Amino acid sequence: MKWLNDLFGRKPAPAQIARDRLKLVLTYDRVNCQPDLLEMLKNDIMKVLLNYMDIDEEELDIQISQTTSELNEIVPVLFANIPIKNMRKQP
Amino acid sequence: MSEVYVITSGKGGVGKTTTTANIGAGLALQDKKVALVDADIGLRNLDVVMGLENRIVFDLVDVIEGNCRLKQALIKDKRYPNLYLLPAAQTKDKNAVTTGQMKKLCEQLREEFDYIILDCPAGIEQGFKNAIAGADKAIVVTTPEVSAVRDADRIIGLLEANELKSPLLVLNRVKMSMVKSQTMMSLEDVTDILAIDVLGVVPDDEAIIIATNKGEPCVSNEKSLAGQAYRDIVRRILGETVPLMDLDHGGFGTWLRKLFGTKNK
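Residues numbered from 1 in each chain as written. Chains lettered and ligands numbered in written order. Predicted model: local features only at pLDDT ≥ 70, side-chain atom pairs only at ≥ 80, totals over all residues. Heavy atoms only, no water.

For chain A, the helix and strand inventory stands at three helices and four strands. The helix and strand sequence of chain A, counted from the amino end, reads α-α-α-β-β-β-β. Per-residue burial for chain A yields a buried fraction of 19% across its 91 residues. Accessible area of chain A: about 6,900 Å², with a carbon and sulfur share of 55%. (Helix = DSSP H or I, 4+ residues; strand = E, 2+ residues; numbered from the N terminus. Buried < 20%, exposed > 50% of the residue type's maximum accessible area, 1.4 Å probe, protein only. Areas by Shrake-Rupley, 256 points an atom, 1.4 Å probe, with all protein chains shown as cover.)

Counting its secondary structure elements, chain B contains 12 helices and eight strands. Projected onto the principal axes, the alpha-carbon positions of chain B cover approximately 65 × 40 × 35 Å. In chain B, of all internal contacts separated by at least 6 residues, the share reaching a separation of at least 24 is 72%. Accessible surface for chain B amounts to roughly 12,300 Å². Of this, 49% is attributable to carbon and sulfur atoms. (Contact = heavy atoms within 4.5 Å.)

Residues and elements named next belong to chain B. Running from N to C, helix α5 (residues 99–110) and helix α6 (residues 126–133) point in directions that differ by 30°, and their axes come no closer than 8 Å. By the angle between their axes, α5 is roughly parallel relative to α6. Crossing geometry of α5 relative to α6 is assigned as right-handed. Between α5 and α6, the residues in contact are Thr-99, Met-102 and Lys-103 and Gln-126, Lys-129, Asn-130, Ala-131 and Ala-133, respectively. (Axes fitted to C-alpha atoms, helices over the stretch in contact; angles between N-to-C directions. Parallel < 35°, antiparallel > 145°, perpendicular 65-115°, else oblique. Left-handed = near helix turned anticlockwise from the far one by under 90°.)

Moving on, we come to the packing of aromatic side chains. Residue and element names in this part refer to chain B. Scanning all chains against the criterion turns up two aromatic pairs over all chains. Ring geometry for Tyr-84 against Phe-113: centres 5.5 Å apart, planes inclined by 65°, an arrangement best described as edge-to-face. Linking Tyr-84 in strand β4 (residues 83–86) with Phe-113 in the loop between α5 and β5 (115–119), this pair joins segments that are 29 residues apart in sequence. Comparing Tyr-84 with Phe-113 shows no difference in burial state: the two are buried. For Lys-33, the ring lying beneath its charged end belongs to Phe-113, and the centroid distance is 5.2 Å. (Phe/Tyr/Trp six-rings, centres within 6.5 Å; stacked < 30°, edge-to-face > 60°. Lys NZ or Arg CZ within 6 Å of the ring centre and 35° of its normal.)

Let us now look at the pairing of β4 of chain B. Residues and elements named next belong to chain B. Of the two faces of β4, the one holding Leu-83 and Leu-85 and the one holding Tyr-84 and Leu-86 are both buried throughout. As paired strands, strand β2 (residues 34–38) and β4 are joined by four bridges and run parallel to one another. The partner of Leu-36 across the bridge, within β4, is Leu-85. Bridge analysis of strand β3 (residues 75–76) against β4 gives two bridges, and the strand direction is antiparallel. Looking at β4, one finds that Lys-76 is bridged to Tyr-84. (Pairing = 2+ DSSP bridges.)

Quick look at helix α2 (residues 14–33) of chain A now. Taking 1.5 Å per residue, 20 residues should reach 28 Å; α2 of chain A reaches 28 Å between its end C-alpha atoms and fits that length. Turning to α2 of chain A, its buried residues are Ala-15, Ala-18, Arg-19, Leu-22, Leu-24, Leu-26, Asp-29 and Val-31 of chain A. (Expected span 1.5 Å × (residues − 1).)

Time to look at the interface of chain B and chain A. Counting residues at the interface gives 12 residues for chain B and 13 residues for chain A. At the boundary of chain B with chain A, total buried surface from both sides reaches about 1,200 Å², with 66% on carbon and sulfur atoms. Scanning the region where chain B abuts chain A turns up three salt bridges. Here Arg-30 of chain A makes a salt bridge to Asp-153 of chain B, at a shortest N to O gap of 2.6 Å. Viewed at the interface, chain A and chain B are joined by five residue pairs in polar contact (both at pLDDT 80 or more). The class makeup of the residues in the side of chain B that touches chain A is six nonpolar, two polar and four charged. (Buried area = accessible area lost by both parts, 1.4 Å probe. Salt bridge = Lys/Arg side-chain N within 4 Å of Asp/Glu carboxyl O. Polar contact = N/O pair within 3.5 Å; in protein donor to acceptor, adjacent residues only side chain to side chain. Nonpolar A, V, L, I, M, F, W, Y, C, P; charged D, E, K, R; others polar.)

Turning our attention to the nonpolar core. All names here are of chain B. Counting residues in each nonpolar core, the largest one holds 55 residues, and the members touching the most others are Val-6, Leu-60, Leu-86 and Leu-109. Of all the elements, helix α7 (residues 146–161) adds the most residues to this core, at six residues. Apart from residues lying up to four places away in sequence, Leu-86 is in contact with Leu-36, Val-37, Asp-38, Asp-59, Leu-60, Val-63, Leu-70, Ala-73, Leu-74 and Leu-105. Residues Ala-21, Ala-28, Met-50 and Leu-85 belong to the second largest nonpolar core, which totals 39 residues. (Core = buried A, V, L, I, M, F, W, Y, C linked by side-chain atoms within 4.5 Å.)

Moving on, we come to the pattern of salt bridges. Residue and element names in this part refer to chain B. Applying the stated criterion across every chain, the model contains 16 salt bridges over all chains. One salt bridge in this structure joins Lys-71 and Glu-112, with 4.0 Å as the shortest N-O distance. Linking Lys-71 in helix α4 (residues 70–73) with Glu-112 in the loop between α5 and β5, this pair joins segments that are 41 residues apart in sequence. The salt bridge partner of Asp-136 is Arg-110, with a shortest N-O separation of 2.7 Å. Within this pair, whereas Asp-136 is found in the loop between α6 and β6 (137–142), its partner Arg-110 is found in helix α5, the two being separated by 26 residues in sequence. Through salt bridges that share partners, Lys-33, Lys-71 and Glu-112 make up one connected network.

The residue Gly-51 of chain B is located in the loop between α2 (46–49) and α3 (60–65) in this model. Distance in space between the C-alpha atoms of Gly-51 of chain B and Thr-212 of chain B is 8.2 Å, their sequence separation being 161 residues.

Written out as structure tokens, the structure reads:
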């Protein structure tokens, strides 16, 4: 629908704006209401990564943030900044 | 077997008290013995919506503190066969009651009534915790607005964390003309976002304001669309399968579309 609106230079319908805003706000709320969730995710990601590389666990940064999609919509995104110390040699 | 329902929302002003009054009166019209409990201590409103404000002698806190017996505090609504109201205290604050005391009160009410409907205060603090403490089932009321749905999502999480699984949704004040013109979120939009089963959709209806002004629940108004929506909700609570209301009947727009033979999608 968005491309149609763009084609005719129309703004998105208010109901669509409400849906998008709601989805975004709930993404944050749901993460914030479960502080353990990010911690669990962090630990799981680390477990997998450690099979392939040594990472700096102190400097590890994982958070939910937002970005602009190709369709110019604001969408939630999982942001991870994981400094690599060393790549493991593959057997 | 009696059932204790709590009507909650998180956000204020979405229609919790109106929903409580109409579900309660509707169940009473179906020959069930019903107790309405105003759990909004310090800000009582259910008495006014029910038109029973002049008949209060004792209140919920009086019962809990032992100043009177439960039966003395229950006000009988003479317009219905078996409907009673336990009003909230107006001069106490929410911390006057504990969750344990509320549980005990609900147990006492179970002995007398088929349905106990608790009107929960807005917010997620002690008043909310008290209201949900003794409940078996929860009904979440929201309107199709970003702020109200956001709060509903939070409440659903808190209910589930407190062992009130599978709450039911009442989407209130839906304006079908606005949903059609894409200026208001639809039921589908809301249920896509909230993981919850739907108990009913209530159209925005002036009859509700008129009913509240008069202090008589709208559920007995045969002409009101909102009244019909509440009657449907009551039948669903009683276990019947009732299709969701077609909010698109009547009105000038429908008449015009019929006249010109254009179909709705």
